[in-house]
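Take a look at the letters that make up each chain.
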Amino acid sequence: MKKEILRNISVAAAVIAAAACGTTVKVGTDNPKQRIPTQQEADSLVIAMAGGAQGRSIAIVEGEKVIGLVPNADSAKVRCVTIVDQKGTWTVTDSFSMPCGDENGLPFTGLTDSVCVRQLGADRYITYSEQRGDGANVQRTVVAYSPATLAINAVSFNGKVVKDGKYKGTSNKNVLTGTDRPEMAWIIQRLESYPDLVFQSEGEIMSEQAIEWWLSKNPKALTSSTRITFGQLPAESSLAALYEKSKKEKGDKFYAAQVDTDEYAMVIAKNRSTGQYLLAWVEPQCKNKKTDRLLNSVYFSNGSYLTMFYYKGKTTFTYRLNLANGTLQR
């Protein structure tokens, strides 16, 4: 559905503009009453006539016209207007709203790039970047609008807030058509050039989803659970790749390995007969070896029982996890 909307965006824009505006009066450049607005006047006109606000309105003076772009405060849409002087009266001659990004309900938080008018291929485009977020999730969209064709072109990054002021996620470029066009190629290059955006691969996304699923199914794993629900890992996931690079322990029916990332200490198992990967254990990575629990090593002790050996300060303890049925002994 998103593909279809974005594929037909130029046609839809023209139809909506015609329906919204009705008959327009064109004013020639030799009309003595026609005025060329100042930038300050253009800013005020867009705010007054397009429902914009300070910091959420874009006004570009193109000859005798004012082109206004107003991102919606609460949805991933932008309102596009054209304002001209008709016999001494500023008049909106084109007005329509179009989607520009995946709709995820995030509120507008600001423009993140300088607004420019640039030549991309055969047409001139107004380009800008906007950001939406709720403190945990973020969407950044690079937009190129053609006043000549009324076409909105956009590519979005959707992700989550991580440490050091960065965001981790993916773009929607793979579900869009026409990404080889000059304007789309420029948008993608610009989006991928931001140093604070960390783009994940499909394998990394699979792994993140598997970890989130495991944590949701085992909320008391570190405290009182006596049985663990394992999650399956796709062979294409980044965790499966990490497992293959890790030191493995051999049991009767499974191989197993401890896999560590910056965020988590995990146990990944592989069924010896089917080759299926299992996410068997996930816990937060140790931050302080003097006070926090540290998963130090894993080894098979009997059949399918995997022993997980821990340090906590100067003490040690073990868990025994049965990879055949999920039974956990503390």
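Residues numbered from 1 in each chain as written. Predicted model: local features only at pLDDT ≥ 70, side-chain atom pairs only at ≥ 80, totals over all residues. Heavy atoms only, no water.

1. With respect to the pairing of strand E6 (residues 116-120)
1) Next: By the bridge criterion, five bridges tie E6 to strand E7 (residues 123-133) in an arrangement that is antiparallel. Opposite Arg 118, over in E7, you have Tyr 125 as the bridge partner.
2) Next: In sequence, E6 turns back onto E7 through a hairpin of two residues, with Gly 121 there showing a positive phi of about 70°. (Pairing = 2+ DSSP bridges. Helix = DSSP H or I, 4+ residues; strand = E, 2+ residues; numbered from the N terminus.)

2. Some remarks on the layout of surface pockets
1) Next: Size it by volume and the largest pocket reaches roughly 790 Å³.
2) Next: Together, 25 residues line the largest pocket, and Lys 168, Gln 200, Glu 208, Thr 261 and Glu 263 are the ones closest to its centre.
3) Next: For the lining of the largest pocket, the secondary-structure elements that each account for two or more residues are strand E9 (151-161), strand E11 (197-199), helix H5 (202-217), helix H6 (238-245) and strand E15 (264-271).
4) Next: A per-class count over the lining of the largest pocket returns ten nonpolar, four polar and eleven charged. (1 Å grid on protein atoms, 1.4 Å probe; cavity = no way out; pocket = protein on both sides within 12 Å on 5 of 7 lines; lining within 4 Å. Points joined across faces, edges and corners; volume = space filled by probe spheres on them. Nonpolar A, V, L, I, M, F, W, Y, C, P; charged D, E, K, R; others polar.)

3. Side note on the packing of aromatic side chains
1) Next: For the coordinates displayed, the defined rule picks out nine aromatic pairs.
2) Next: Taking the centre distance of 5.9 Å and the plane angle of 80° together, the rings of Trp 281 and Tyr 319 count as edge-to-face. Pair noted here: Trp 281 is in strand E16 (residues 277-284) and Tyr 319 is in strand E19 (residues 315-322), with a separation of 38 residues, a long-range link.
3) Next: Judged by relative accessible area, Trp 281 falls into the buried class, the value being 0%.
4) Next: Ring geometry for Phe 317 against Tyr 319: centres 5.7 Å apart, planes inclined by 50°, an arrangement best described as tilted. (Phe/Tyr/Trp six-rings, centres within 6.5 Å; stacked < 30°, edge-to-face > 60°. Buried < 20%, exposed > 50% of the residue type's maximum accessible area, 1.4 Å probe, protein only.)

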